[in-house]
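For reference, the chains in residue letters:
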Amino acid sequence: MSGTERKAGPTGAAAEVAPGLPSALAGIRGELEKLRAGIAAIEGRLAAVEQEEAQAPAKERPRRYYEVLVAVYERGGRKGLDADAFGAVGKEHGYDRRGLGGFFTGSRAPLRRQDGRVTLSVQGERLVDSYLVTLGGEGE
Amino acid sequence: MSGAGVVVTTEWLEAHLDDPDLVVVEVDEKPLIHRLGHIPGAHNLDWRTDIQDPRTRDIPGPAAVRELWAKLGVTRSSTVVFYGDKSNWYASYGAWLFRLHGAKDVRVLDGGRQRWVVEDRPLSKAAAAPPGAAPLKPKLDPGLRIGWREIPAAVRHGAQLVDVRTTAEYIGAVISEPGYPEESAQRPGHIPSAIGMPWDVMLDPSGLLLPEPELLGQLAAHGIDPERELILYCRIGERSAHTWFVLNEVLGLEARNYDGSWIEWGSMVGMPIALGEDPGDAAELERLAD
């Protein structure tokens, strides 16, 4: 291999590593990788806590509450809804901004914001599952 | 059926819903979401019971697939279009399984259920009509799948392992993604030498597949050489089926799905495991070769 070497980074990110790369740059990249790993570890711990909280029985909520959660699940896909789309879902189901804020509060909040998008928490996933069970299917 | 690639748009699908050769199949992580309505004429498959062997942890065999295809009406002339929730995570597994068993024309709806719903396209609660024609006979294509025993030799011959789970799973901070406690392995980490590239980097924020140049850009950015054979895995083989579809079917690369995935590798006694951000050394796989 000549000149440069293509090297896979920790999470797969590739970097051109030239001979004599200034150590400061390598150091910064190393710090960045540590930060990413740290964030992943914190997310892991957060998920474990969420999972534990989600075991407790859920409080009874109005139908529209569940419909908001289903809409976030169905319309958000893997990456969730952006703020505008989430606002529109809330409005469609009679929630103003303040009302929507309630979906994010408390240790058992069904929604969370991640990278500026709204997704279901573990508790939210469970509430959607329980709501879908109450709906009749084909021939039921 | 012609006129579209392996990834079809919502417009194309809606325009072809009355085509007798079209078989639309919905596979969701939450199969009950089907109760809210489905694409008119679509069949609903439960990924836990319909596209897995009910007893052994394995794919369904040819007899079971033939029975499934009879139920769905998959014939020699069928175009099968899969779609589902979670940006086609589970639907892609169905597409991989059908291709593995020899179905030729298998496609995926871009954006999946999410896109169809967001665009307010028609949904139906009516059951799909029962098919009449004789089903296609399954013929397994072993080149689309790989088992753990074959991995060391494949890597020795130049294959690249790609781990498509989240970064937290890859580095070993968690064993499974939040909300999947029943899909846990015994140990965290990744297969030595595997590059981490989360499957959803192939999607834009709205859940649509990125254009081809950007897909290739993602491979380059993650240090993946598209000229090498690629072995994909995740936790149980479904997210990696999505990446398989993108690499093999959309980009025409050589990719195989290791559907045993982390739940198998991370649970067996004596398997080499790498932790943290470093991909680790492929030489560690050699002790499995004997």
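First, a word on what this report is: a plain description of the structure on this page.

## Examining the overall build of chain B
- When helices and strands are tallied, chain B shows nine helices and nine strands.
- Relative to the 2.2 N^0.38 estimate, which gives 19 Å for 290 residues, the radius of gyration of chain B is 19 Å and therefore close to what a compact globule would have.
- Principal axes of the C-alpha set define a box for chain B whose edges measure 55 × 40 × 35 Å.
- Across the 290 residues of chain B, 51% fall into the buried class.

## Thoughts on the sheet that holds strand S6 (residues 160-163) of chain B
Residue and element names in this part refer to chain B.
- Strands sit in the order S7-S6-S8-S9 across an open sheet of four strands; the sheet is parallel. Only two strands of the sheet have a single partner each, and these edge strands are strand S7 (195-196) and strand S9 (255-257).
- Strands strand S8 (230-233) and S9 of the sheet are contacted by helix H8 (residues 239-250), whose axis makes an angle of about 160° with S9.

## Re the packing of helix H3 (residues 85-100) of chain B against H8 of chain B
All names here are of chain B.
- Running from amino to carboxyl end, H3 crosses H8 at an angle of 65°, the nearest separation of the two axes being 7 Å. Between H3 and H8, the interaxial angle falls into the category roughly perpendicular. Of the two elements, H3 crosses H8, and the hand of that crossing is left-handed. The residues of H8 that touch H3, namely those facing Asn-88, Trp-89, Ser-92, Tyr-93, Ala-95 and Trp-96, are Arg-239, Ala-241, His-242, Trp-244 and Phe-245.

## Section: the interface of chain B and chain A
- Each side of the interface is counted separately: chain B has 39 residues, and chain A has 34 residues.
- Broken down by secondary-structure element, the contributors of at least two residues to the side of chain B that touches chain A are H3, helix H4 (112-118), helix H6 (167-171), S7 and helix H7 (212-221) of chain B.
- For the side of chain B that touches chain A, the leading source of residues is H4 of chain B, giving five residues.
- Here the residues of the side of chain B that touches chain A sort into 20 nonpolar, ten polar and nine charged.

## Observations regarding the sheet that holds strand S1 (residues 7-8) of chain B
All names here are of chain B.
- Read across the sheet, five strands follow the order S1-S5-S4-S2-S3 without closing on themselves; strand pairing throughout is parallel. Of all the strands in the sheet, just S1 and strand S3 (43-46) have a single pairing partner and so form its edges.
- With four bridges joining them, strand S2 (residues 22-28) and S3 adopt parallel strand pairing. By the bridge assignment for S3, Val-25 is matched with His-43.

## Let's talk about the environment of Trp-96 of chain B
All names here are of chain B.
- Structurally, Trp-96 can be placed in helix H3.
- Between the alpha carbons of Trp-96 and Pro-54 there is a distance of 18 Å; along the sequence they are 42 residues apart.
- Residue contacts for Trp-96: discarding those within four places in its chain leaves Leu-144, Ala-241, Trp-244, Phe-245 and Asn-257.

## Considerations on the nonpolar core
Residues and elements named next belong to chain B.
- Grouped together as the largest cluster of nonpolar side chains are 82 residues, with contacts concentrated most on Val-162 and Ile-231.
- Sort the elements by how many residues they give to this core and H3 lands first, with nine residues.
- Leave out the neighbours within four places in its chain, and Ile-231 touches Ile-146, Ile-151, Ala-154, Ala-159, Leu-161, Val-162, Arg-256 and Tyr-258.

## Things to note about helix H2 (residues 63-76) of chain A
- An ideal rise of 1.5 Å per residue puts 20 Å on 14 residues; H2 of chain A measures up with 19 Å between its terminal C-alpha atoms.
- Listed in full, the buried residues belonging to H2 of chain A are Val-68, Leu-69, Val-70, Ala-71, Val-72, Tyr-73, Glu-74, Arg-75 and Gly-76 of chain A.
- On its buried face, H2 of chain A sits against helix H3 (83-92), strand S3 (111-114), strand S4 (117-120) and helix H5 (122-134) of chain A together with H3 and H4 of chain B.
- Taken from the residues just after H2 of chain A, Gly-77 of chain A is the one with a positive phi, measuring 55°.

## Quick notes on unusual backbone geometry
Residues and elements named next belong to chain B.
- Here Lys-86, not a glycine, exhibits a phi torsion of approximately 50°, which is positive.
- With respect to the element layout, Lys-86 can be found in helix H3.
- Overall, the presence of 24 C-beta atoms within 10 Å leaves Lys-86 in the buried class.
- The residue Ser-261 is not glycine, and still its phi comes out positive at about 50°.
- Relative to the helices and strands, Ser-261 is located in helix H9 (residues 261-265).
- Looking at Ser-261, the number of C-beta atoms within 10 Å reads 26, which means it is buried.

How each quantity is defined
Every chain begins its residue count from 1, and numbering advances along the sequence as written. Each chain is given a letter, starting from A, and each ligand a number, starting from 1, according to the order in which they appear as written. Local features in this predicted model are restricted to residues whose pLDDT is 70 or higher, and side-chain atom pairs enter the listing and the counts only when it is 80 or higher, whereas totals over whole chains, interfaces and linings include all residues. Runs of E in the DSSP output that reach at least two residues are strands. Runs of H or I that reach at least four are helices, and both are numbered from the N terminus. Between the two quantities, the radius of gyration covers C-alpha atoms and the globule rule is 2.2 Å times the number of residues to the power 0.38. Once C-beta atoms are placed from the backbone, each residue is buried if 20 or more other C-beta atoms lie within 10 Å of its own, exposed if 12 or fewer, and partly exposed for counts between those two. Pairing between two strands is assigned when DSSP locates at least 2 bridges connecting them. Remark: residues whose backbone-derived C-beta atoms lie within 7 Å of one another are considered to be in contact. Every axis in this analysis is a line fitted to C-alpha atoms, fitted for helices over the stretch in contact. Angles between the N-to-C directions lie between 0 and 180 degrees. Angle categories are assigned with fixed cut-offs, so that under 35 degrees is roughly parallel, over 145 is roughly antiparallel, 65 to 115 is roughly perpendicular, and the rest are oblique. Should the near helix be turned counterclockwise from the far one by less than a right angle, the crossing is left-handed, whereas a clockwise turn marks it as right-handed. For this scheme, ten residues count as nonpolar: Ala, Val, Leu, Ile, Met, Phe, Trp, Tyr, Cys and Pro. Four count as charged, namely Asp, Glu, Lys and Arg, and the remainder, Gly too, count as polar. A set of buried Ala, Val, Leu, Ile, Met, Phe, Trp, Tyr and Cys residues, joined to one another through C-beta atoms within 7 Å, is what we call a nonpolar core. The span one expects for a helix is its residue count, reduced by one, times 1.5 Å.

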